[in-house]
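Understanding the architecture of this molecule
So you can see what is in the structure, the chains are spelled out below.
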Amino acid sequence: MLKALIVDDEPLAHDVLTHLCERETDIKVVAQCLSAAEALKHLERRTIDLMFLDIRMPMFGGLDLLRGLDKPPLTVIVSAHQEHAFDGFELDVVDYLLKPVSAARFAEAVTKVRRRRQSGEPEPTQQPEEIVLKVDRAMRRFHLDDIAYFRAQGNFVAVVAGDQTYLATTTMKQLSAQLPADRFVRIHRSCIVQRQRIVEQRHNNLLLDNGQSVPISRSYRKTTNQRFLPKNPR
């Protein structure tokens, strides 16, 4: 039996997760906390096998809680904020669920938990293949392979994908946190490029496979001290 702890500052989230856990025969919710500080006290007093953890909470967040634990329990992040996914996986969470959580997605996360517990080894983390951004007041899904680069443009970010350019309501900082670091590289304060789209690296700019040329900032060229070309170009 997996002894589970739910940590979320929203009572409704507790109701949803408790209901989903009750559908699983091998999970028992033994404690519920409305803050990370309260959860820390529970974790110090009793053994928890599985933690469902929100990220943004008063005082300090879920990721701060994980960073402060020497031996955290198997953890599934449950959050309304996609941009923290990479931070979560760097902390070896089992899965990252976006609210509202569906029964099917919850069951998938629980399956991963069982596999991790049986093997005692981390599940291979699958890199995301898509990114969801707000474009023209609507959420739009982009396949990462289609994106050549991102460019800051005023209060927006231009997404250059195929022969189209879309203006997304986001920031370069938020994008950097969501993109796989091995696939996308920042070459300028206002530009992030997909490595596999680079066909030629020159002194001050990169030539992409769509024929466009993008400048490399001197400061990024010095601080990164790296080749921007992918190791295994297509």
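Conventions and cut-offs
Residues numbered from 1 in each chain as written. Predicted model: local features only at pLDDT ≥ 70, side-chain atom pairs only at ≥ 80, totals over all residues. Heavy atoms only, no water. Helix = DSSP H or I, 4+ residues; strand = E, 2+ residues; numbered from the N terminus. Buried < 20%, exposed > 50% of the residue type's maximum accessible area, 1.4 Å probe, protein only. Areas by Shrake-Rupley, 256 points an atom, 1.4 Å probe, with all protein chains shown as cover. Patch = residues over 30% accessible without salt bridge, like charges linked within 9 Å, V, L, I, M, F, W, Y side chains within 5 Å. Salt bridge = Lys/Arg side-chain N within 4 Å of Asp/Glu carboxyl O. Lys, Arg positive; Asp, Glu negative; His and termini not counted. Charge placed at Lys NZ, Arg CZ, Asp CG, Glu CD. Pairing = 2+ DSSP bridges. Axes fitted to C-alpha atoms, helices over the stretch in contact; angles between N-to-C directions. Contact = heavy atoms within 4.5 Å.

1. Section: the overall build of the chain
From N to C terminus, the chain includes seven helices and 15 strands. Relative to its 234 residues, the chain shows a buried fraction of 44%. Entry remark: accessible area of the chain is about 13,300 Å², with carbon and sulfur atoms responsible for 48%.

2. Regarding a positive patch on the surface
Residues K3, K28, K41, R45 and R46 make up a contiguous surface patch of positive charge. Its place among the elements puts K41 in helix 2 (residues 36-45). What makes K41 exposed here is its relative accessible area of 52%.

3. Some words on the sheet that holds strand 4 (residues 74-79)
The strand order across the open sheet built from five strands is 2-1-3-4-5, with neighbouring strands paired in parallel fashion. Edge positions in the sheet fall to strand 2 (27-33) and strand 5 (95-98), since each has one partner strand and no second. For this sheet, the mean inter-axis angle between neighbouring strands, taken without regard to orientation, is 20 degrees. Bridge analysis of strand 1 (residues 2-7) against strand 3 (residues 50-53) gives four bridges, and the strand direction is parallel. Bridged to I6 within strand 3 is F52. Relative to the sheet, helix 5 (residues 103-119) contacts strand 1, strand 2, strand 3, strand 4 and strand 5, its axis offset from that of strand 5 by approximately 170 degrees.

4. Considering the pairing of strand 8 (residues 147-153)
Sheet analysis places strand 8 next to strand 9 (residues 156-161), joined by six bridges and oriented antiparallel. Following the sheet pairing, Y149 is matched in strand 9 by V160. Count of turn residues in the strand 8/strand 9 antiparallel hairpin: two residues, of which G154 carries a positive phi of about 65 degrees. Pairing between strand 8 and strand 12 (residues 191-194): three bridges, direction antiparallel. Within strand 12, the position partnered with R151 by the bridge is C191.

5. Some points on the environment of P58
Mapping P58 onto the fold places it in the loop between strand 3 and helix 3 (62-67). Overall, the relative accessible area of 47% leaves P58 in the partly exposed class. Taking C-alpha positions, P58 is 9.2 Å from A37, a pair spaced 21 residues apart along the chain.

6. Brief notes about unusual backbone geometry
Cis geometry is adopted by the peptide bond preceding P100, which originates at K99 and carries an omega value of -5 degrees. Structurally, P100 can be placed in the loop between strand 5 and helix 5. Although it is not a glycine, M59 sits at a positive phi angle of roughly 70 degrees. Positionally, M59 belongs in the loop between strand 3 and helix 3. A residue is classified by how much of its surface remains accessible, and M59, at 81% relative accessible area, is exposed. In the Ramachandran plot, R137 falls in the positive-phi region, its phi being about 65 degrees despite a non-glycine side chain.

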